[in-house]
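Coordinates in review
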Amino acid sequence: MHAGLKSAVCLLAVGAHALSGGCSYHVPGDEPAIDTAQNEFRWLAGCWVTLSGETREVWSVAGDTLLFGYNTVGPQTAPHFYEQLRIQKANDDWLFSAYPEGAGPTQFPLADLTETSAVFVNPDHDYPQRITYARQELNLTATISKMDGSNQQSWTYVPCST
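Residues numbered from 1 in each chain as written. Predicted model: local features only at pLDDT ≥ 70, side-chain atom pairs only at ≥ 80, totals over all residues. Heavy atoms only, no water.

The subject of this paragraph is the nonpolar core. Generally speaking, nonpolar side chains in soluble globular proteins are found buried as a group. Formed by 21 residues in total, the largest nonpolar core has its most connected members in Phe41, Leu44, Trp59, Ile87, Phe96, Phe120 and Tyr133. Among the secondary structure elements, those contributing two or more residues to this core are α3 (37-41), β4 (81-90), β5 (93-100), β7 (117-121), β8 (130-136) and β9 (139-145). In contact with Trp59, not counting residues within four places along its chain, are Leu44, Ala45, Gly46, Leu67, Phe68, Gly69, Leu85, Arg86, Ile87, Phe96 and Tyr133. (Core = buried A, V, L, I, M, F, W, Y, C linked by side-chain atoms within 4.5 Å. Buried < 20%, exposed > 50% of the residue type's maximum accessible area, 1.4 Å probe, protein only. Helix = DSSP H or I, 4+ residues; strand = E, 2+ residues; numbered from the N terminus. Contact = heavy atoms within 4.5 Å.)

This part is about the sheet that holds strand β10 (residues 153-159). If you trace the 10 strands once around the closed barrel, you get β1-β2-β3-β4-β5-β6-β7-β8-β9-β10, paired in antiparallel fashion. For this sheet, the mean inter-axis angle between neighbouring strands, taken without regard to orientation, is 25°. Note: strand β1 (residues 46-50) against strand β2 (residues 55-63), 4 bridges, orientation antiparallel. Residue Cys47 lies in a different strand from β2, and its bridge partner there is Val58. (Pairing = 2+ DSSP bridges. Axes fitted to C-alpha atoms, helices over the stretch in contact; angles between N-to-C directions.)

When you line up the elements, Ile144 lands in strand β9. For the pair Ile144 and Phe120, spaced 24 residues apart in sequence, the C-alpha separation works out to 9.6 Å. Not counting the four nearest positions on each side in its chain, Ile144 is found in contact with Tyr127, Pro128, Arg130, Ile131, Asn151, Gln152, Gln153 and Trp155.

With 78% of its residues at a pLDDT of 70 or more, the protein chain has an overall mean of 83. In this model residues 1-32 is a low-confidence stretch, pLDDT under 50, and it forms 13 contacts with partners more than four residues away in sequence or in other chains. (pLDDT = per-residue confidence, 0-100.)

Moving on, we get to the side chain of Glu83. Residue position: Glu83 is located in strand β4. Within the buried set, Glu83 has no salt-bridge partner at all; the shortest N-O distance to an opposite charge, 12 Å, is to Arg86. Setting aside residues no more than four positions away along its own chain, Glu83 makes contact with Gly69, Tyr70, Asn71, Ala98, Tyr99, Pro100 and Glu101. (Lys, Arg positive; Asp, Glu negative; His and termini not counted. Salt bridge = Lys/Arg side-chain N within 4 Å of Asp/Glu carboxyl O.)

Bringing the state of the cysteines into the picture now. Counting across every chain of the model gives 1 disulfide. The side chain of Cys47 participates in a disulfide bridge whose partner is Cys160; the two sulfur atoms lie 2.0 Å from each other. Here Cys47 and Cys160 share a disulfide; its torsion about the S-S bond, -75°, makes the bridge left-handed. Of this pair, Cys47 sits in strand β1 while Cys160 sits in the segment after β10, and the two are 113 residues apart along the sequence. Under the relative-accessibility criterion, Cys160 is labelled buried at 16%. (Disulfide = S-S within 2.5 Å.)

With that settled, the discussion passes to the packing of aromatic side chains. A complete count under the given rule lists 7 aromatic pairs for this structure. Ring centres of Phe41 and Trp43 lie 6.4 Å apart, and the angle between their planes is 40°; this geometry places the pair in the tilted category. The buried category is assigned to Phe41, whose relative accessible area is 0%. Owing to a relative accessible area of 7%, Trp43 belongs among the buried residues under this scheme. Seen from their ring centres, Trp59 and Tyr133 are 6.0 Å apart, and the 85° between their planes marks the pair as edge-to-face. Highlighted residues: Trp59 in strand β2 and Tyr133 in strand β8, separated in sequence by 74 residues. The burial state of Trp59 is the same as that of Tyr133; both residues are buried. Of the aromatic side chains, those joined through ring pairs into one cluster are Trp59, Phe96, Phe108, Phe120 and Tyr133. (Phe/Tyr/Trp six-rings, centres within 6.5 Å; stacked < 30°, edge-to-face > 60°.)

If you look at the hairpin formed by β1 and β2, you'll find 4 residues sitting between the two strands, and Gly53 has a positive phi there, around 80°. In this structure, the hairpin formed by β2 and strand β3 (residues 66-73) is closed by a connection of 2 residues.

Encoded structure:
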């Protein structure tokens, strides 16, 4: 950006503070790696649906320390199962909470997190004990199982069209 234009932008953006030499401007990509819901789970946010349309899962970033989600099974007009979901930071740790049909919560602490996947575990819960979300290109896969990987069930989602 031309120096004169940069100064004008700073004056407009920051007013009198810029006159004292305190102007800074944002360069996309220069953000520090801050442990927030937006930074850690941006790959999960959105509306997801199975190819059959039977199961839908929606996640939104609701603040620095909270993702709010829900899951429905069945037609959108009359689902036969619903579940409220949360991923929330508590005491410097991320915690997945499930409220199936309003009951709960059942909580699963984060065990592993990468740029495109998250694993939550609760070995004391009957089933599931492990919940995994993994993003690969446009697909999202949710997998539940026992701790040893038995009784595994998976759902592959694509982005919702509506």
